[in-house]
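# Tertiary structure, described
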There are 2 protein chains.
Amino acid sequence: MSAPGPRSSLVDLALPHVRDLHAYTPGIQPAGEGWTKLNTNENPYPPSPKVEAAIRAEAGEGLRKYPDPKSTALRMAVARHHGLRPENVCIGNGSDDILNLLTRLFGGGEKAVGFSVPGYSLYPVLAAIQNGKPVTLDFDRSMKLDVEAAAALPASVLFFTTPNAPTGVGFANADIERLLQKFGGLVVADEAYADFAEENAVSLLEKYPNLCVTRTFSKSHGLAGLRVGYALGSAELIDLLDRVRDSYNVNRVSQAGALAALEDQPYFQAVVGKIKRTRDECAEQFRARGWFTYPSAANFFFTEPRDGKGRSGPEVAQGLYEFLLKNKVLVRYFPSHVLTRNFLRISVGSDAEMLTLSQIIDLWQKTG
Amino acid sequence: MSAPGPRSSLVDLALPHVRDLHAYTPGIQPAGEGWTKLNTNENPYPPSPKVEAAIRAEAGEGLRKYPDPKSTALRMAVARHHGLRPENVCIGNGSDDILNLLTRLFGGGEKAVGFSVPGYSLYPVLAAIQNGKPVTLDFDRSMKLDVEAAAALPASVLFFTTPNAPTGVGFANADIERLLQKFGGLVVADEAYADFAEENAVSLLEKYPNLCVTRTFSKSHGLAGLRVGYALGSAELIDLLDRVRDSYNVNRVSQAGALAALEDQPYFQAVVGKIKRTRDECAEQFRARGWFTYPSAANFFFTEPRDGKGRSGPEVAQGLYEFLLKNKVLVRYFPSHVLTRNFLRISVGSDAEMLTLSQIIDLWQKTG
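## Focus: the domain arrangement of chain A
All names here are of chain A.
- Segmentation of chain A into domains returns domain 1 (11–46 + 266–367) and domain 2 (49–264).
- Contact residues are listed per partner, giving 32 residues for domain 1 and 34 residues for domain 2.
- When domain 1 packs against domain 2, close to 2700 Å² is buried across both sides, 63% of that on carbon and sulfur atoms.
- It is Tyr 24, Phe 268 and Tyr 294 in domain 1 that bury the most area against domain 2; as a group they hold 23% of the surface buried on that side.
- Applying the counting criterion to the domain 1 and domain 2 interface returns two salt bridges.
- A salt bridge links Arg 141 to Glu 304, with the nearest nitrogen and oxygen atoms 2.7 Å apart.
- On the surface where domain 1 and domain 2 come into contact, there are 13 residue pairs in polar contact (both at pLDDT 80 or more).
- Within the residue set of the side of domain 1 that touches domain 2, elements represented by two or more residues are helix H10 (265–288) and strand E10 (300–304).
- It is H10 that contributes the most residues to the side of domain 1 that touches domain 2, eight residues altogether.
- When its residues are assigned to classes, the side of domain 1 that touches domain 2 shows 18 nonpolar, nine polar and five charged.

## A closer look at the relation of the copies chain A and chain B
- With an RMSD of 0.0 Å, chain A superimposes on chain B once it is rotated by 180° and translated 0.0 Å along the axis. What we have between these two chains is a two-fold relation. Closest approach to the rotation axis among the C-alpha atoms of chain A is made by Arg56(A), whose C-alpha sits 2.8 Å away.
- In this assembly the copies share their binding face: 100% of the residues contributing to the interface of chain A also contribute to that of chain B.

## As for the sheet that holds E10(A)
Residues and elements named next belong to chain A.
- Spatial strand order, E9-E10-E12: three strands in an open sheet with antiparallel pairing. Both edges of this open sheet fall to strand E9 (292–293) and strand E12 (344–347), since each of them pairs with a single strand only.
- Where E9 and E10 come together, two bridges link them in antiparallel fashion. Bridge assignment links Phe 292 to a residue of E10, and that residue is Glu 304.
- Against the sheet, H10 engages E9, E10 and E12, with an angle of about 5° to E10.

## With respect to helix H3 (residues 72–82) of chain A
- Residues of H3(A) that are buried: Leu74(A), Arg75(A), Ala77(A), Val78(A), Ala79(A) and His82(A).
- Residues of H3(A) that are buried make contact with strand E2 (89–92), strand E7 (211–216), strand E8 (229–232), helix H8 (235–244) and helix H9 (252–263) of chain A.

## Some words on the packing of helix H3 (residues 72–82) of chain B against helix H9 (residues 252–263) of chain B
All names here are of chain B.
- It is at 9 Å that the axes of H3 and H9 come closest, and there the two elements cross at 25°. What the angle tells us is that H3 and H9 run roughly parallel. As for the relative orientation of H3 and H9, their crossing is left-handed in sense. Contacts between H3 and H9 pair Ala 73, Leu 74, Ala 77, Val 78, Arg 80 and His 81 from the former with Gln 255, Ala 258, Leu 259, Leu 262 and Glu 263 from the latter.
- Here the residues of the contact of H3 with H9 are counted per class, giving seven nonpolar, two polar and two charged.

## Some details on the interface of chain A and chain B
- Contact with chain A, which involves 89 residues of that partner, is made by 89 residues of chain B.
- Buried area between chain A and chain B, summed over both chains or domains, comes out near 7400 Å², and the portion from carbon and sulfur atoms is 58%.
- Looking only at chain A, the three residues that lose the most surface to chain B are Arg64(A), Tyr66(A) and Arg104(A), adding up to 11% of its buried area.
- Viewed at the interface, chain B and chain A are joined by two salt bridges.

Procedures and definitions
Residues numbered from 1 in each chain as written. Chains lettered and ligands numbered in written order. Predicted model: local features only at pLDDT ≥ 70, side-chain atom pairs only at ≥ 80, totals over all residues. Heavy atoms only, no water. Domains from an automatic or database assignment. Contact = heavy atoms within 4.5 Å. Buried area = accessible area lost by both parts, 1.4 Å probe. Salt bridge = Lys/Arg side-chain N within 4 Å of Asp/Glu carboxyl O. Polar contact = N/O pair within 3.5 Å; in protein donor to acceptor, adjacent residues only side chain to side chain. Helix = DSSP H or I, 4+ residues; strand = E, 2+ residues; numbered from the N terminus. Nonpolar A, V, L, I, M, F, W, Y, C, P; charged D, E, K, R; others polar. Least-squares fit on C-alpha atoms with pLDDT ≥ 70 in both. Pairing = 2+ DSSP bridges. Axes fitted to C-alpha atoms, helices over the stretch in contact; angles between N-to-C directions. Buried < 20%, exposed > 50% of the residue type's maximum accessible area, 1.4 Å probe, protein only. Parallel < 35°, antiparallel > 145°, perpendicular 65-115°, else oblique. Left-handed = near helix turned anticlockwise from the far one by under 90°.

If you want it as structure tokens, here you go:
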């Protein structure tokens, strides 16, 4: 290459595709008090008290030392939890870290990156950062997984969210198994919400080395602020992940906090059970308003608002989004896709938060 | 592309260069008690007590929420600390995160990745992960920066450690400025150890948009276990970093802990001052043994051991390394380069640790 002069702009020095990149836009994290925050699928309940104790125990002198580069204690506990071996587990700085590493391993150049649309909106961002050709697995309004179409995608890796985001619809293991039998690449079942579902794909790992299951402590364990997730897969896959992983990707405090959360199963089960009950009650209330609401296997639901005159559509969804925002209730609106723009995605909050939401919707329907 | 069958191995599905990757080998983190750990340049003193208080304050309910995606409070404090603006700062999950992002922006394909050899051994690993052609800036035993040779490197980005690792030798701003004037790419001054040096490159940022300075809380702030580092650069560079950065790369606890450390300047100054005094005393002791020891501007020194008969060389260095290891003293040995294989890199520990080291070396010299 011929070196450009020192006065060229930095973007000219960067790889050509960087010019067209945009940072991922996460849900709003409002400053200040008084918000009802139902926009990023956080857990409305605090993490286990044992997490606080574990973090306090890590807060002092030991921080001068690097963390265990393999997150060994956590890795072993995760393996035990799922009936796997430690060599089947890779711990990440959030499951976003894992998704990024998978994209770096299998995407870019001639290797296309497949992902479900709608799905977690990070996948196309990661594919773009890696300059990987995006290949989409498109759904229709039924949100059913089209196994034949998915298996035919010309991609080295296929990411899909199960239960899906933002719809909350869960996919059956029977369908995922057929996909694993037919697809030529790696299937990544992004199970960020699987703890709220009746089924998950972990049992398929033993039979299918082309499956990777990703999980997070952010949702069901109430630890979004700590950034811990993991991959489950064959020993070969975990070895590949370790080749591209930062050796100190998970700090001491996060390793200890996540381990404490995982070990407090009674607390975990109680919180997840409560969220599922609230979810199902609220979904029924939305349906009672006459709003189409997908059956949710996650900690949020995807509902199609109708205004006081019974109308739905993008203007109605956006209108309610803005009305809620004005009243300090945050939900998520995805206006850019035909299958999402009539809907709002609403995280399951506490009983008090869901009551606030319901009252403001009543007000909107009256005034609209 | 033609999709391979489901029975192909995963490494065949991955990008071709992945086959040849190896995970970075960090320094040994021993389990169990009784070790004198002088191998990873950790701080022998605990972090500021205010860090512990800040982490404890973050350990509870708030963890259910995602962190501030821009690490705003920390970013502002870092900017103030260096007399810059927040748009000149990007916070990373350790400075390794920043180095990785810089490699992803500027390396790969036709864009070669330049780095100093010897230097931080992560650079070639990051270049390999990105499949970027490595271009080395080679030193001779003088460890002087050859500005003309560096400026002529056909690379888009040039990483160099200053003060250098593993030698500890600091580079003069006058030389770095000449490099910035002549080199056509981005210069990354990896200042992981700059808090122990007399000079740093921050003042050059205003004049040279092709400079990036990276820093870490791991060494001088005693927070290796927390994983926080940062980049300083032009607003354009920070914008590029944000395009490829994970939006939640730094968790709540790490943001709060690093902020508390930065704000406790009296504690910081006291610890850094003590380490520098210990470093200079110990370096003099090594020289008094007749061991060539580079002048160190870091929290470690690079010394060429001589055995009881006055011999030096790779066998002597390795022999002492193994003798120390057997006696539960860990230092770092880099056998694979002609400029490093006669030397050991020894982190500056507490007074008691340096005494232990000295006594075991005496024993080795007597028995060798």
